[in-house]
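The chain contents come next:
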Protein chains: 4
Amino acid sequence: MRIEVLDHGYVELVDSWGSDERFIEAARMSTGKGFQGWDTDLRLLRYLWTHKHHTPFEMGGITVQVKAPLFVFREWHRHRVPFSYNEMSARYIPLPNENYLPTFVGVSLRSHEAAESANNQARGAAARKCSQEEAQKWLEELEEVYKIAQAVYEHGLELGVPKELARLSVPVARYSVMRASSNIRGWLAFMTLRCATQAQWEIRQYANAIAKIIQQNFPHTFNLWREENDS
Amino acid sequence: MRIEVLDHGYVELVDSWGSDERFIEAARMSTGKGFQGWDTDLRLLRYLWTHKHHTPFEMGGITVQVKAPLFVFREWHRHRVPFSYNEMSARYIPLPNENYLPTFVGVSLRSHEAAESANNQARGAAARKCSQEEAQKWLEELEEVYKIAQAVYEHGLELGVPKELARLSVPVARYSVMRASSNIRGWLAFMTLRCATQAQWEIRQYANAIAKIIQQNFPHTFNLWREENDS
Amino acid sequence: MRIEVLDHGYVELVDSWGSDERFIEAARMSTGKGFQGWDTDLRLLRYLWTHKHHTPFEMGGITVQVKAPLFVFREWHRHRVPFSYNEMSARYIPLPNENYLPTFVGVSLRSHEAAESANNQARGAAARKCSQEEAQKWLEELEEVYKIAQAVYEHGLELGVPKELARLSVPVARYSVMRASSNIRGWLAFMTLRCATQAQWEIRQYANAIAKIIQQNFPHTFNLWREENDS
Amino acid sequence: MRIEVLDHGYVELVDSWGSDERFIEAARMSTGKGFQGWDTDLRLLRYLWTHKHHTPFEMGGITVQVKAPLFVFREWHRHRVPFSYNEMSARYIPLPNENYLPTFVGVSLRSHEAAESANNQARGAAARKCSQEEAQKWLEELEEVYKIAQAVYEHGLELGVPKELARLSVPVARYSVMRASSNIRGWLAFMTLRCATQAQWEIRQYANAIAKIIQQNFPHTFNLWREENDS
């Protein structure tokens with residue numbers, strides 16, 4: 001199950017363990033009983049979730065492989081506990097020449113939204129909005145920087161500059177790849193922060209992909225999370 | 001897969017995820033390659049382990065159900081990260097009347113070992129050794145305390161004392177049940193501490209049961225751990 | 001600063017680090033500014049708290065020494081991240097002969113509350129209430145078990161039974177001592193769960209003592225927590 | 001206490017809590033005793049360290065402010081437990097125009113070392129070495145990329161491209177600032193990995209600065225760490 005994200009990225013399920021039933025079984029440890037069927041136990045699952053009894057949701061999880069730009073990984077890696085990561089390393093191989101380039105429609109649209117939001121709060125001069133033509137032109141400049149940065153990267157490698165130094169010009173838009181693993185409690189906390197409208201649009205696309213995978217593997221739990229995060 | 005431990009306890013596999021191959025794949029993220037077959041990759045696994053590159057071993061794990069005396073759980077629960085626990089609660093149900101009773105041979109034997117060890121270090125009077133007859137007699141006293149404690153427990157419950165208070169007389173030998181989950185890095189750290197001869201004999205039996213389960217599900221990783229911990 | 005808790009217990013401040021100002025400074029890292037004075041920054045602190053931006057509250061913490069019954073420590077130790085613990089060990093010294101004994105008024109009162117609550121939910125026979133006389137009598141039985149358990153404990157030690165086994169009869173009411181350390185984010189989560197009315201009354205007394213220490217050392221943060229947890 | 005690192009970076013102590021004595025006190029919890037003076041207790045501290053009884057070293061810690069290039073922060077943030085971080089965010093302010101530029105002597109020297117090491121292992125063509133002149137020339141190219149990337153960054157901001165997108169061209173050499181906090185067990189693990197010769201030279205300079213601060217505040221513990229990590 002691989003979900004394409006942004007221009008070159010993806011999220012792919014590697015492993016899934018546990019299940020909605022396992023969360024019920026874990027919660028029922030306290031009274032020595034097991035899973036009783038969803039007729040009764042959907043209410044228990046809801047009770048656990050709404051009363052923030054979150055430890056049973058640690059009894060399942062997923063591991064994914066993710067390809068994303070560095071600035072997305074920088075935000076992702078702030079999720080410390082209970083996450084595990086293994087990532088491609090520019091110390092050991094030259095990072096492949098793929099960089100994130102937004103669409104000009106997207107850049108312009110988000111500029112307008114940001115300006116609206118800023119103007120609503122501001123007391124001074126109105127925030128500037130970027131037209132589609134300006135966005136288009138700026139993205140051409142951006143592509144040009146990517147090329148120049150890559151040329152210097154490759155030139156360094158040819159000259160014998162160690163990989164770990166040659167990479168200094170690599171932009172934060174550069175794609176990398178990692179495996180990430182966590183229990184479901186951790187993934188739901190990730191989704192709560194990163195599917196939210198305040199999250200940067202790019203990491204939101206990744207969080208939405210994670211949400212789809214959770215939905216397939218832990219449907220009852222996913223529904224509870226969605227109810228809370230839709231309103 | 002249920003392994004009997006002590007007089008009333010057990011360890012039972014609930015879920016296992018990931019594999020030795022997954023650890024290799026995670027480690028290979030750094031260079032963008034995958035699993036190459038054990039001919040080559042056994043060397044890589046050994047390298048990871050001996051050079052303490054432990055994060056790839058977080059890409060797999062097991063969940064178990066455990067029945068053990070409270071004093072064993074007290075030691076177990078000191079393992080905080082990356083462990084998850086859900087346990088039976090004496091606030092919600094009366095703990096079943098099962099208590100750990102060692103064998104008289106075991107008590108006497110361990111008394112002799114402890115005395116040897118103490119006498120080797122001591123400067124004063126020799127440490128006392130407990131004979132098998134004395135051990136037998138003391139265990140009868142112990143069983144008697146268990147009975148009296150249980151009678152007071154049950155009497156309290158009958159009188160209407162809340163469960164959470166009625167339990168005050170319950171001895172640390174009382175059995176309880178939990179689910180415990182962790183990644184393999186966590187379980188190996190648990191085994192390193194709790195399979196060791198310095199660990200209390202009782203928790204060592206549980207750690208050995210965990211080791212058997214790890215051996216079945218992560219055989220190559222287990223072998224590396226055993227080489228290091230046998231010497 | 002030592003606060004007495006229950007019949008033999010206490011909570012005592014060992015170390016405190018960071019401050020409300022440090023939380024502001026940490027949050028201001030994102031925009032490269034520092035602390036601006038409480039006139040402005042009280043609003044920022046409130047924003048952080050109410051929008052669940054909890055990481056700045058990791059930039060301070062306290063270490064305490066705690067004497068409490070084992071059943072309280074069992075609940076306490078479920079707080080795993082970011083807590084650190086070092087506790088007295090019955091493997092190395094005989095646990096001092098101090099056991100928690102509730103008051104007969106307390107036992108009777110809590111029996112009545114529990115019965116009310118159960119009867120409100122129940123469909124069957126009414127839950128029993130424990131009178132003060134019954135509570136008094138039961139506590140005498142409890143004290144008697146404590147004595148017998150202690151006699152068997154001491155007898156085992158005299159015979160040469162190793163400490164780690166001799167303790168088997170020790171009741172969960174037995175007092176032990178530990179140091180516990182965490183950042184403030186962790187302590188506030190502890191307080192949210194353990195100062196709540198659903199928490200067992202005994203651990204609530206300890207959580208309230210922790211709350212007093214937090215109030216003295218992090219007054220602005222404490223006020224925000226109290227506003228949220230009073231309603 | 002601020003220690004300059006690289007061309008624009010630093011490590012500065014913000015808070016320190018606990019002490020070598022506190023580690024002894026925490027370890028002595030197990031037997032109910034306290035600190036006895038360094039005449040006796042240096043041996044205990046060594047015992048704890050060499051036998052990997054690491055939890056007492058969680059009873060103290062430091063918080064630092066760090067200015068470092070993004071590629072250094074990327075490695076730093078892999079230290080998850082028990083670390084806390086708050087960093088400057090390019091979503092909220094434009095990152096100041098400061099980028100790490102190595103010295104040409106350094107680049108050439110490390111190229112030679114890397115080539116030696118590669119040639120010792122290789123079967124194919126010899127790895128190339130970068131002369132000082134080549135290094136000098138390549139660094140000029142690098143500075144030029146930094147300028148172009150910055151121009152595009154600023155141009156985007158002027159046009160009204162949101163900060164979070166305008167930053168896409170920012171190189172991983174760009175400096176950022178953060179607060180980082182951990183207990184001493186965590187910092188020692190950080191130092192063990194990041195002061196080692198296998199660590200990238202740049203993060204090693206930061207780890208050495210941390211080591212100096214630990215040495216001043218926890219001198220006995222630091223000495224034990226150094227003995228182990230010098231050989």
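If you're wondering where the values come from, they're calculated on a predicted model, not measured in any experiment.

Moving on: the relation of the copies chain B and chain C. In this arrangement, two copies of a chain are superimposed by a rotation about an axis accompanied by a shift along the axis. When chain B is fitted onto chain C, the two copies agree to an RMSD of 0.0 Å after a turn of 180° and an axial shift of 0.0 Å. Classification of the inter-copy transformation places it as that of a two-fold axis. Taking C-alpha positions as the reference, the residue of chain B nearest the rotation axis is Pro171(B), at 2.0 Å. A shared interface surface links the copies, since 100% of the contact residues of chain B are contact residues in chain C too.

Before going further, it helps to spend a moment on the relation of the copies chain B and chain A. Rotating chain B by 180° and translating it 0.0 Å along the rotation axis places it on chain A, where the RMSD comes to 0.0 Å. A high fraction, 97%, of the interface residues of chain B reappear at the interface in chain A, so the copies pair face to face through one surface.

Another point: the packing of aromatic side chains. Within the structure shown, the criterion is met by 54 aromatic pairs over all chains. Note on Trp17(A) and Trp17(B): the rings are 4.1 Å apart at their centroids and 5° apart in plane angle, and the pair reads as stacked. Placement of Trp17(A) in strand β2 (residues 9-17) and of Trp17(B) in strand β2 (residues 9-17) is noted, with the two residues assigned to different chains. The class for Trp17(A) is buried, based on a relative accessible area of 6%. Consider the rings of Trp76(B) and Tyr206(B), whose centres lie 6.2 Å apart with planes at 70°: the pair is edge-to-face.

Right, let's talk about the environment of Ala209(A) for a bit. All names here are of chain A. Mapped onto the elements of the fold, Ala209 is located in helix α8 (residues 201-217). For Ala209, a relative accessible area of 2% gives the class buried. Once the C-alpha coordinates of Ala209 and Val11 are considered, the two residues, 198 residues apart in sequence, prove to be 6.6 Å apart.

Cis geometry marks the peptide bond from Val81(A) to Pro82(A); its omega dihedral reads 5°. With respect to the helices, strands and loops of the structure, Pro82(A) is situated in the loop between α3 (70-76) and β4 (84-87). At Leu6(B), a residue that is not glycine, the phi angle is positive and equals roughly 55°. Looking at where Leu6(B) falls in the secondary structure, it is placed in the loop between β1 (2-5) and β2. Among the residues examined, Leu6(B) registers a relative accessible area of 23% and is labelled partly exposed. The backbone of Lys52(D) sits at a positive phi, close to 60°, despite the residue not being glycine. Note that Lys52(D) resides in the loop between α2 (38-50) and β3 (61-69). Judged by relative accessible area, Lys52(D) falls into the exposed class, the value being 52%.

Attention shifts here to the pairing of strand β5 (residues 175-183) of chain C. Residue and element names in this part refer to chain C. The element β5 is largely enclosed, with a buried count of nine among its nine residues. Pairing of strand β3 (residues 61-69) with β5 involves nine bridges; the strand directions are antiparallel. Looking at the pairing, Val64 lines up with Ala180 of β5. In the sheet, strand β4 (residues 84-87) pairs with β5 via four bridges, with the strands oriented antiparallel. Among the inter-strand pairings, Glu87 is bridged to a residue of β5, identified as Met178.

Procedures and definitions
- Residues numbered from 1 in each chain as written.
- Chains lettered and ligands numbered in written order.
- Predicted model: local features only at pLDDT ≥ 70, side-chain atom pairs only at ≥ 80, totals over all residues.
- Heavy atoms only, no water.
- Least-squares fit on C-alpha atoms with pLDDT ≥ 70 in both.
- Contact = heavy atoms within 4.5 Å.
- Phe/Tyr/Trp six-rings, centres within 6.5 Å; stacked < 30°, edge-to-face > 60°.
- Helix = DSSP H or I, 4+ residues; strand = E, 2+ residues; numbered from the N terminus.
- Buried < 20%, exposed > 50% of the residue type's maximum accessible area, 1.4 Å probe, protein only.
- Pairing = 2+ DSSP bridges.

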